[in-house]
Amino acid sequence: MNAPREQAGQMDGLGRVLCALADPQDPGPTEDACLALPAEPLFEAILHHGIEPIALRKLVETLPQEPPYTSLIDAVRERQLLANAHSLVLEAQALQLLAAIDAQRLQAVIVKGQVFAKALYDRASDRPFTDVDVLAHPDSVPAIGAILENADFLLYRKKLFDKSASNMEQKWVQKDNQNILIELHGNLVHYASLRWRVPFGYAQYRTASGDGEFPNVAYFMTAVIHAAAGHKFHRLQLIVDVMQAARKLTEADIDYLRSSLDALRARLEVLVCLDLVSALFADEAAIHIRDSLSSGRGYRYGRSLVTPAAVIDTWNDTGHRSRMRRHAFRWLQRVVPRS
């Protein structure tokens, strides 16, 4: 049980600074810790890891108001203004789509970005998002596609090797502004070879939520699947989502998570995500939940593959060591027995 806490000491100075900047509840790194790092690589890593909004308010109070920091902070501030404006447009589109889905009583729910921003973060602007994600029962996908088509959206398909069907993911873009993107998912696990092992579609979302009684568990499981099965832990933002969702879980939520975890077939992903949160941020909520869950088969191999350094180093993966570790974990996900 102590491995995640021991791993926390293995991070270098950049890793510790990034984690302090990424955690909405952390006051942030010291000025000396920031100044000890090269300025431009630090800001490049912040951008890569998707933590600019949280980092910005800490850095403006920490860094000296002099070059090169002034221009770097101004660039972050400008990107955040554009991102906030884009989020407002996406929010309006999501509300219209959700109203149409509800009117037709379709089996679908909006997930990830904008839901996380509102439900998991005290400041919604701390969690940027670039599209609207809809998770739908496969039977409802055609009807939602028709709604989008009637709302002047186009279904985007690659000319060659389009994998929309096998990935159970459709990308719809607005005719007049293709920066407005709505992703329609039949399952949040897009790799078919992994999906049969650990699926997370509308049915699994409903199971995670206890048919609506435990919404925080559904948010937590969505964050876990997004980080560990939708992606390969390639940025800190994914781990922060898991941490923020874990912080929202009550004891009743944890009891329900424990009872439903085998049905969701994602024990490995949950445990490895909680280990990463514990190691990267020493978060007490994640440690408590981790200690409340029993280990499953294959778990000890998974936690040894995806280390804190493997997550931090994704921004500048010299030698591809992070990539190899995270791809090895994806292989493990495909072969480990599921309850």
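Computed from a predicted model, the values in this text were never measured in an experiment. (Residues numbered from 1 in each chain as written. Predicted model: local features only at pLDDT ≥ 70, side-chain atom pairs only at ≥ 80, totals over all residues. Heavy atoms only, no water.)

### Considering the environment of alanine 136
Checked against the element boundaries, alanine 136 lands in strand 2 (residues 132-136). Considering only alpha carbons, one finds alanine 136 and arginine 197, 61 residues apart in sequence, at a separation of 19 Å. Residue contacts for alanine 136: discarding those within four places in its chain leaves Gln107, Ala108, Val141, Ile144, Leu184, His185, Gly186 and Tyr202. (Helix = DSSP H or I, 4+ residues; strand = E, 2+ residues; numbered from the N terminus. Contact = heavy atoms within 4.5 Å.)

### Regarding unusual backbone geometry
With an omega of 0°, the peptide bond running from proline 67 to proline 68 counts as cis. Inspection of the secondary structure assignment puts proline 68 in the loop between helix 5 (52-62) and helix 6 (69-103). For aspartate 152, which is not glycine, the phi torsion reads 70° and is therefore positive. Turning to its location among the elements, aspartate 152 is positioned in the loop between helix 8 (141-150) and strand 3 (153-156). Within the chain, alanine 282 stands out as a residue other than glycine whose phi angle is a positive 50°. Taking relative accessible area as the criterion, alanine 282 reaches 49% and is therefore assigned partly exposed. (Buried < 20%, exposed > 50% of the residue type's maximum accessible area, 1.4 Å probe, protein only.)

### Some words on the nonpolar core
Counting 107 residues, the largest nonpolar core has Val134, Ile144, Phe220, Met221, Phe233 and Leu236 as its most contacted members. Of all the elements, helix 12 (residues 215-230) adds the most residues to this core, at eleven residues. Apart from the residues lying within four places of it in its own chain, the contact partners of valine 134 are Leu97, Ile101, Ala108, Val109, Ile110, Ile144, Ile182, Glu183, Leu184 and His185. (Core = buried A, V, L, I, M, F, W, Y, C linked by side-chain atoms within 4.5 Å.)

### Focus on the packing of aromatic side chains
Under the defined criterion, the tally for this structure stands at three aromatic pairs. The interplanar angle of 75° and the centroid separation of 6.4 Å between the aromatic rings of phenylalanine 200 and tyrosine 205 together place this pair among those described as edge-to-face. For the pair phenylalanine 200 and tyrosine 205, a shared accessibility class is recorded, and that class is buried. Measuring from ring centre to ring centre gives 4.5 Å for phenylalanine 214 and tyrosine 256, while their planes differ by 10°; the resulting arrangement is stacked. On the criterion of sequence distance, the pair formed by phenylalanine 214 in the loop between helix 11 (202-209) and helix 12 and tyrosine 256 in helix 14 (residues 251-264) is long-range, its members being 42 residues apart. Classification of phenylalanine 214 as buried rests on a relative accessible area of 14%. (Phe/Tyr/Trp six-rings, centres within 6.5 Å; stacked < 30°, edge-to-face > 60°.)

### Focus on the confidence of the model for the protein
Mean pLDDT for the protein: 94, with 96% of residues reaching 70 or above. Across residues 1-9, where pLDDT falls below 50, the model places 13 contacts with residues more than four positions away in sequence or in other chains. (pLDDT = per-residue confidence, 0-100.)

### Remarks on the pattern of salt bridges
For the coordinates displayed, the defined rule picks out 17 salt bridges. One salt bridge in this structure joins arginine 79 and glutamate 52, with 2.5 Å as the shortest N-O distance. Of this pair, arginine 79 sits in helix 6 while glutamate 52 sits in helix 5, placing them 27 residues apart in sequence. Exposure remark for arginine 79: the relative accessible area of 34% places this residue in the partly exposed category. A residue is classified by how much of its surface remains accessible, and glutamate 52, at 5% relative accessible area, is buried. Put simply, glutamate 183 and lysine 171 hold a salt bridge, and the shortest N to O gap is 2.6 Å. Of this pair, glutamate 183 sits in strand 5 (residues 181-185) while lysine 171 sits in strand 4 (residues 169-174), and the two are twelve residues apart along the sequence. For lysine 171, a relative accessible area of 29% gives the class partly exposed. A single network of salt bridges, built from pairs that share partners, joins Asp23, Arg247 and Asp283. (Salt bridge = Lys/Arg side-chain N within 4 Å of Asp/Glu carboxyl O.)

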